[in-house]
Amino acid sequence: MVGARVRRQQVAYALGRGLSSRRACALLSVARSTLGYQSRLVARDAPALTVMRELAGQYPRDGYRRVRIFLTRAGHAMSADRAYRLWRQAGLQVPRRRPRRRVATSRPRPLPPAATNHVWAYDFVFDTCANSQTLKCLTIIDEWTRECLAIDVAGGIRSGRVIEVLTQLVSVHGAPRYLRSDNGPEFVACAILRWLHGAQIETAHIDPGKPWQNGTDESFNGKFRDEYLTLQWFRNRVDAKVGIEQWRRHYNEVRPHSSLGYLTPMEFKATGAAMITVGRSAATPPRAHQDERRTEGQDPLTQPGDAILQ
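The structure displayed is predicted, hence computed values, not measured ones.

Trainee: Summarise helix α1 (residues 4-16); cite the residues concerned and give the values.
Mentor: Compared with an ideal rise of 1.5 Å per residue, which puts 13 residues at 18 Å, α1 spans 19 Å between its outermost C-alpha atoms and is within 8% of the ideal. Immediately beyond the C-terminal end of α1, within one or two residues, lies G18, with a positive phi of roughly 110 degrees.

Right under this line is the structure:
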């Protein structure tokens, strides 16, 4: 019994067994004046801890880092260490999943994104309704902003429907430079290739058997399944369409993304537009802005050795 709080608990136990307070405090080396001490830390943490439990129930697959962002939005700003302490104190640890086998490769991913609408990626996710109807979800994302542009839900999606969804997205967001996908029959169909040629969009098919080359969309599909599909019970396809569209909006507008400096995809997209307005490159991630503020007066595009070379 090292901590003072634990010794006070033992004194209370001894008092319940019939010992006098003087005798119990002498045996456990506790000052009698501290028996009525009430920690102010417990009262200070109680409001934030209540909100943290509610957020953990609302987002059961989120850890303390992402919940800390939601706490900050709710008016309970705190450091990561305090959030971790409260998280462990409340016993809210997310169950760990068994790690998957990773394929070691030294080749860089071909065509990394450099700006908004530079590279789009699309793939399929499958699920089943309670009435045994099959769900086939076409997910389309912007690799630079991580924005989910569309999730089309149907029983079967062929090349004609893929073209229809892409046409709607191009009319709203503009055409991307590249479209990344695997070599599935829906993506290599002649109809899609003709449409892409007419829209002046180049294809970026990944190598067969190498899904990590489409890692951004595969990562999104994993989040889509882990944070929503495995937690839901769809009665039919109509119910699935409504719920999945609501989750897509939540993903774009509410859910913070760690690779974007814990901004939402829409906030990151707006930040890129603001940087273009002031004449800076939209390819600079938010974390780089913090480094620029630390080095006041230094041009972020100028390297330390440039002044010597000039």
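Trainee: So what about the pairing of strand β2 (residues 134-142)? Which residues, and what values?
Mentor: Within a regular strand, the side chains alternate between the two sheet faces. By the criterion of burial, β2 is predominantly enclosed, with 8 of the 9 residues buried. Linking strand β1 (residues 119-128) back to β2 in an antiparallel pair, the connection comprises 5 residues, with S132 at a positive phi of about 70 degrees. Where β2 lies against strand β3 (residues 148-154), 6 bridges are found, and the strand directions are antiparallel. Across the sheet, the residue bridging to I141 is C148, located in β3.

Trainee: I'd like to hear about the nonpolar core, residue by residue, with values.
Mentor: When a protein is soluble and globular, its nonpolar side chains tend to lie buried together. Among the nonpolar cores identified, the biggest contains 19 residues, and Y122, L138, I140, V162, L169 and L179 are the most heavily contacted of them. At the level of elements, β1, β2, β3, α6 (159-173) and α7 (190-198) are the ones that each hand at least two residues to this core. Discounting residues that sit within four places of it in the chain, L169 has contacts with W120, I140, L149, A150 and G174.

Trainee: For the environment of V67, give the residues involved together with the corresponding values.
Mentor: With respect to the helices and strands, V67 occurs in helix α4 (residues 64-73). Here V67 falls in the buried class, since its relative accessible area comes to 0%. In this structure, the C-alpha to C-alpha distance between V67 and R53, residues 14 residues apart in sequence, is 9.7 Å. If we skip the residues at most four places from it in the chain, V67 touches M52, L55, D62 and W87.

Trainee: I'd like a description of α4, backed by residues and values.
Mentor: Within α4, burial applies to Y64, R66, V67, I69, F70 and L71. On the buried face of α4, the contacting elements are α3 (40-58), α5 (80-89) and α8 (215-227). The first or second residue beyond α4 is G75, which carries a positive phi of 95 degrees.

Trainee: So what's going on with the pattern of salt bridges? Residues and values would help.
Mentor: Counted according to the given criterion, the structure contains 14 salt bridges. Of the charged contacts, one joins R44 and D45 as a salt bridge, the two residues approaching to 3.7 Å between their closest N and O atoms. A salt bridge links R249 to E245; its shortest N-O distance comes to 3.4 Å. Of this pair, R249 and E245 both sit in helix α9 (residues 237-253), 4 residues apart, which is roughly one turn of that helix. Relative accessible area serves as the criterion here: at 46%, R249 is assigned to the partly exposed category. With a relative accessible area of 26%, E245 lands in the partly exposed category. In this structure, a network of salt bridges that share partners links the residues R44, D45, R82 and R85.

Trainee: Kindly report on the sheet that holds β1, identifying the contributing residues and their values.
Mentor: In a beta sheet, neighbouring strands are held together by backbone hydrogen bonds and run either parallel or antiparallel to one another. Judged by pairing direction, the sheet is mixed, and its 5 strands sit side by side in the order β3-β2-β1-β4-β5 without closing on themselves. In this open sheet, the two edge strands, each paired with only one partner strand, are β3 and β5 (202-205). Recorded for the sheet is a direction-independent mean angle of 25 degrees between the axes of neighbouring strands. Pairing between β1 and strand β4 (residues 178-181): 3 bridges, direction parallel. Bridged to A121 within β4 is R180. The strands touched by α8 within the sheet are β1, β2 and β3, with β1 carrying the most contacts at an inclination of about 35 degrees.

Trainee: Quick rundown of the side chain of D45? Include the residues and the values.
Mentor: As for its placement among the helices and strands, D45 is situated in helix α3. Overall, D45 belongs to the buried group, its relative accessible area being 3%. The contact partners of D45, leaving out residues within four places of it in the chain, are R82, R85 and L86.

What counts and how
Residues numbered from 1 in each chain as written. Predicted model: local features only at pLDDT ≥ 70, side-chain atom pairs only at ≥ 80, totals over all residues. Heavy atoms only, no water. Helix = DSSP H or I, 4+ residues; strand = E, 2+ residues; numbered from the N terminus. Expected span 1.5 Å × (residues − 1). Buried < 20%, exposed > 50% of the residue type's maximum accessible area, 1.4 Å probe, protein only. Pairing = 2+ DSSP bridges. Core = buried A, V, L, I, M, F, W, Y, C linked by side-chain atoms within 4.5 Å. Contact = heavy atoms within 4.5 Å. Salt bridge = Lys/Arg side-chain N within 4 Å of Asp/Glu carboxyl O. Axes fitted to C-alpha atoms, helices over the stretch in contact; angles between N-to-C directions.

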